[in-house]
Amino acid sequence: MTASSLSFGLAVLFVIVGMAMGIGMAASQDHSIMPAHAHLNLLGWVSLFLFGIYYERRPRLDTSRLALIQVSLWSIGTVVLTIAVAAIHLGYTAADPIAAVASLIVLGAMLLFAYFVFRPGASVAAGPAARMTPAE
Ligand code: HEM
């Protein structure tokens, strides 16, 4: 599995859940979990899909274990943060420390991604230099 395929797959799952949350809010006319919906869609759909495009354009990074770890950390952080933010806005303020930990996980994953962006040579193991595309 490559980092881009994991990113695209999880991003689509997250946006399906995020859209269902949006429809649920609209149908019930109860928008109290709106911040959780917004975080799930923006971290889990928009950002994760953008990571996937970045990785897909860098085949050596795409097949690296470190990139898979980045996508996994980001996704775990997004799920935990979404649930914790929803819980907080439903009145379960005890979820606050969980949201804090999840936000640090997501920040850590973004710092790892920043490392890939600013030190592209240092973050990839040796591998195929480019993907071959059959001639038409
Ligand atoms: C079936 C699809 C969707 C439905 C039915 C839906 C529904 C909603 C509803 C009812 C709200 C609350 C609005 C309010 O209380 O003012 C909301 C807020 C929001 N939604 Fe969605 N949504 C959908 C998809 C998306 C997607 C795909 C994204 C992002 C890519 C997104 C991002 C947001 C954001 C950022 C907010 C917060 C807006 C604000 O702060 O005023 N939504 N959505």
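Residues numbered from 1 in each chain as written. Predicted model: local features only at pLDDT ≥ 70, side-chain atom pairs only at ≥ 80, totals over all residues. Heavy atoms only, no water.

## As for a nonpolar patch on the surface
The grouping of Leu42, Val46, Phe49, Leu50 and Ile53 at the surface amounts to a nonpolar patch, some 410 Å² of accessible area in total. Relative to the assigned elements, Ile53 resides in helix H2 (residues 34–56). Look at Ile53 and you get partly exposed, because its relative accessible area is 36%. (Patch = residues over 30% accessible without salt bridge, like charges linked within 9 Å, V, L, I, M, F, W, Y side chains within 5 Å. Areas by Shrake-Rupley, 256 points an atom, 1.4 Å probe, with all protein chains shown as cover. Salt bridge = Lys/Arg side-chain N within 4 Å of Asp/Glu carboxyl O. Helix = DSSP H or I, 4+ residues; strand = E, 2+ residues; numbered from the N terminus. Buried < 20%, exposed > 50% of the residue type's maximum accessible area, 1.4 Å probe, protein only.)

## A short note on the coordination of the iron atom of the ligand
The protein gives the iron atom of the ligand a lone donor atom, His37 (NE2), placed 2.0 Å from the metal. The topology assignment puts His37 in helix H2. (Donors = N, O, S within 2.8 Å, 3.2 Å for Na, K, Ca; no water.)

## What about helix H1 (residues 3–28)?
Taking 1.5 Å of rise per residue, the 26 residues of H1 would be expected to cover 38 Å, and the 37 Å separating its terminal C-alpha atoms lies within 8% of that figure. Buried residues belonging to H1 abut H2, helix H3 (59–62) and helix H4 (65–89). Gln29 sits one or two residues past H1 and shows a positive phi near 55°. (Expected span 1.5 Å × (residues − 1). Contact = heavy atoms within 4.5 Å.)

## Quick look at the packing of H1 against H2
At their nearest, the axes of H1 and H2 sit 8 Å apart, and the two run at 160° to each other. One finds that H1 runs roughly antiparallel with respect to H2. By crossing handedness, the relation of H1 to H2 is classed as left-handed. Class assignment of the residues belonging to the contact of H1 with H2 gives a composition of 20 nonpolar, eight polar and one charged. (Axes fitted to C-alpha atoms, helices over the stretch in contact; angles between N-to-C directions. Parallel < 35°, antiparallel > 145°, perpendicular 65-115°, else oblique. Left-handed = near helix turned anticlockwise from the far one by under 90°. Nonpolar A, V, L, I, M, F, W, Y, C, P; charged D, E, K, R; others polar.)

## Side note on the site of the ligand
Around the ligand, a shell composed of Met19, Gly22, Ile23, Met25, His31, Met34, His37, Ala38, Asn41, Leu42, Trp45 and Val46 is seen. Between the ligand and the protein, one listed contact pairs an oxygen atom with a side-chain N or O atom of His31 at 2.6 Å. One of the side-chain N or O atoms of His37 is found 2.9 Å from a nitrogen atom in the ligand. Of all the elements in the fold, those that place two or more residues in the shell around the ligand are H1 and H2. Broken down by element, the shell around the ligand gets its largest block of residues, seven residues, from H2. Taken together, the residues of the shell around the ligand break down into eight nonpolar, four polar and no charged. (Near = heavy atom within 4 Å. Polar contact = N/O pair within 3.5 Å; in protein donor to acceptor, adjacent residues only side chain to side chain.)

## Section: the UniProt feature "transmembrane region" (unreviewed entry) in the protein
Listed under "transmembrane region" (unreviewed entry) in the UniProt record, and renumbered for this structure, are residues 36–55, 67–92 and 98–118. Annotation note: span residues 36–55, helix share 100%, strand share 0%, distance between end C-alpha atoms 27 Å. Between the end C-alpha atoms of residues 67–92 there is a gap of 34 Å, over a span that is 88% helix and 0% strand. (UniProt positions renumbered as here; feature names shortened; annotations may be inferred.)

## Considering the packing of H2 against H4
Two elements in contact, H2 and H4, have axes whose closest approach is 8 Å; the angle formed by their N-to-C orientations is 170°. Classified by the interaxial angle, the pair formed by H2 and H4 is roughly antiparallel. Residues Pro35, Ala36, His39, Leu40, Leu43, Gly44, Ser47, Leu48, Phe51 and Tyr55 of H2 lie in contact with H4, whose contacting residues are Ala67, Gln70, Val71, Trp74, Ser75, Thr78, Leu81, Thr82, Val85, Ala86 and His89. Per-class residue counts for the contact of H2 with H4 are 13 nonpolar, eight polar and no charged.

## Concerning the packing of aromatic side chains
Scanning the entire structure with this criterion turns up nine aromatic pairs. Both rings, one in Tyr55 and one in Phe116, keep their centres 6.0 Å apart while their planes meet at 70°; by these two values the pair is edge-to-face. Taken together, the positions of Tyr55 in helix H2 and Phe116 in helix H5 (residues 96–118) put the pair 61 residues apart, joining distant regions of the chain. The pair Tyr55 / Phe116 is uniform in exposure class, with both members buried. Ring pairing ties together the aromatic residues Phe51, Tyr54, Tyr55, Trp74, Phe113, Tyr115 and Phe116, which thus form one cluster. The residue whose ring lies beneath Arg58 is Tyr54, and the NZ or CZ to ring-centre distance is 3.7 Å. (Phe/Tyr/Trp six-rings, centres within 6.5 Å; stacked < 30°, edge-to-face > 60°. Lys NZ or Arg CZ within 6 Å of the ring centre and 35° of its normal.)

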